[in-house]
Amino acid sequence: MNLPEKVEIIEVGPRDGIQNEANFIPTEKKIELINALNKTGIKRMEATSFVHPKYVPQMRDAKEVLDGIEQNPSIQYMALIPNEKGYERALESGIKALSLVVGASDSFNLKNVKMTREQSMESFEAVIEKAKANDILIRYNIATSFWCPFDGIVDSKLVLSMVERMEQLGVDEIVLCDTIGRANPKQVLNLFKEAVSLKSEAMITAHFHDTYGMAMSNVMAALQAGVTRFDASIGGLGGCPFAPGAAGNAATEDIIFMMHEMGIDTGIDMDQLLACIEIVKPFTNRNLTGHLHKVKTSKSY
Ligand code: COA
Ligand code: ZN
């Protein structure tokens with residue numbers, strides 16, 4: 001088995017993790033969570049999103065969260081934006097890294113941001129130009145890279161053509177997302193192998209959900225394709241409000257446990273990470289799907 005010595009975990013819990021929680025999590029708890037994540041060794045995280053509060057009320061306190069956290073200069077905080085208005089709001093907040101999102105599937109993109117894929121990509125071209133002029137790092141997420149909740153399987157050639165187009169715009173990172181958690185390891189291996197073989201200057205990151213229990217297998221498959229960056233969410237929290245039936249993200253603690261057991265460094269401290277889960281757990285109204293925080297034997301990692 002070909003394994004890297006080190007991988008990078010990007011924590012998306014404060015954004016993807018909690019955006020779909022029915023009850024509003026108090027702003028001070030979100031701030032406490034991010035401040036606790038600061039102590040784990042995580043170097044990059046999606047902290048919030050500048051989306052319409054009517055559609056995603058949980059994220060309505062984006063600016064207050066960013067203003068309230070202790071920003072560690074060695075940690076990169078990112079905010080997701082769906083459109084140009086999101087960019088303007090993000091710029092005002094002073095954040096230096098943005099996570100753009102477009103769905104490979106038109107049906108999904110129309111539900112998610114009320115634009116076709118092409119409309120989103122075109123309007124983001126201007127956003128990227130402005131962001132670069134402001135020294136803002138751009139991470140570009142391709143949602144529904146494998147499956148669409150409405151149209152089924154997504155053509156990998158379409159996704160690869162989007163990767164090439166994003167690469168030409170000079171983005172810093174491209175994330176292939178299995179938004180509904182429906183991909184299988186063979187599909188993941190094939191798409192990531194092709195994406196990695198494009199030798200893009202941009203970092204290529206994998207983002208999995210665990211709807212069908214395949215998130216960890218898909219992490220392994222992406223690892224085999226040469227991917228060394230993974231999005232993850234503490235406790236396995238997560239889900240997209242516009243992807244019906246989608247379960248949470250791959251759990252950060254489970255990925256880290258698996259990596260550490262295989263001798264792969266993540267730079268993340270498990271005890272500190274598990275403490276973060278305890279901060280949000282009382283505010284969620286579902287059972288967390290991550291495994292490690294439920295393991296009762298002492299020091300099982
Ligand atoms: N944040 C806050 N307000 C926004 C906004 C944003 N990013 N984008 C648009 N608006 C406001 C406009 O200013 C306008 O306000 P007004 O009525 O006071 O003039 C109003 O919303 C309508 O603008 P429009 O561009 O027509 O937006 P829309 O109704 O088509 O909604 C999105 C588009 C993208 C804002 C909305 O679909 C959305 O927030 N989606 C959330 C996607 C998401 O978070 N998905 C999960 C993560 S992938
Ligand atoms: Zn996601």
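Structure first, text after, so check above.
Residues numbered from 1 in each chain as written. Chains lettered and ligands numbered in written order. Predicted model: local features only at pLDDT ≥ 70, side-chain atom pairs only at ≥ 80, totals over all residues. Heavy atoms only, no water.

Chemist: Explain the environment of His-207 here, please?
Modeler: Within the secondary structure layout, His-207 lies in strand 9 (residues 203-208). Accessibility expressed as a relative area gives 3% for His-207, which makes it buried. For His-207 and Ile-142, which are 65 residues apart along the polypeptide, the C-alpha to C-alpha distance reads 9.6 Å. Look past the residues within four positions of His-207 in its chain and what remains in contact with it is Val-12, Arg-15, Asp-16, Val-175, Leu-176, Cys-177, Asp-178, Asp-231 and Asn-249. Side-chain polar atoms of His-207 contact the side chain of His-209, separated by 3.2 Å. (Helix = DSSP H or I, 4+ residues; strand = E, 2+ residues; numbered from the N terminus. Buried < 20%, exposed > 50% of the residue type's maximum accessible area, 1.4 Å probe, protein only. Contact = heavy atoms within 4.5 Å. Polar contact = N/O pair within 3.5 Å; in protein donor to acceptor, adjacent residues only side chain to side chain.)

Chemist: It is not clear to me how the pattern of salt bridges should be interpreted in this structure. Could you clarify?
Modeler: When the charged atoms of two side chains lie near each other, side chains of opposite charge can form a pair. Per the stated rule, a full pass over the model turns up 17 salt bridges. We note a salt bridge from Arg-15 to Glu-46, for which the minimum N-O separation is 2.6 Å. Note that Arg-15 is positioned in helix 1 (residues 13-17) and Glu-46 in strand 2 (residues 44-49), a separation of 31 residues in sequence. Glu-46 matches Arg-15 in its accessibility class, with the two residues each being buried. Across the salt bridge formed by Glu-84 and Lys-130, the nearest N and O atoms sit 3.0 Å from each other. With Glu-84 in helix 4 (residues 84-93) and Lys-130 in helix 6 (residues 117-133), the pair connects residues that are 46 residues apart, well separated along the chain. Sharing partners across several salt bridges, the network here consists of Glu-8, Arg-15, Asp-16, Arg-44, Glu-46, Arg-139, Glu-173, Arg-229 and Asp-231. (Salt bridge = Lys/Arg side-chain N within 4 Å of Asp/Glu carboxyl O.)

Chemist: Any chance you could explain helix 8 (residues 185-197) here in plain terms?
Modeler: At 3.6 residues per turn, the α-helix brings residues three or four places apart onto the same side. A rise of 1.5 Å per residue sets the reference length of helix 8, with its 13 residues, at 18 Å; its end C-alpha atoms lie 18 Å apart and thus fit the reference within 8%. Listing the buried residues of helix 8 in full gives Gln-187, Val-188, Leu-191, Phe-192 and Ala-195. Taken down its axis, helix 8 places every buried residue within 110° of arc, on the same side. The N-capping residue of helix 8, defined by a side-chain oxygen 2.9 Å from the backbone nitrogen of Lys-186, is Asn-184. Lys-199 lies just past helix 8 and shows a positive phi near 50°. (Expected span 1.5 Å × (residues − 1). Arc of directions from axis to C-beta.)

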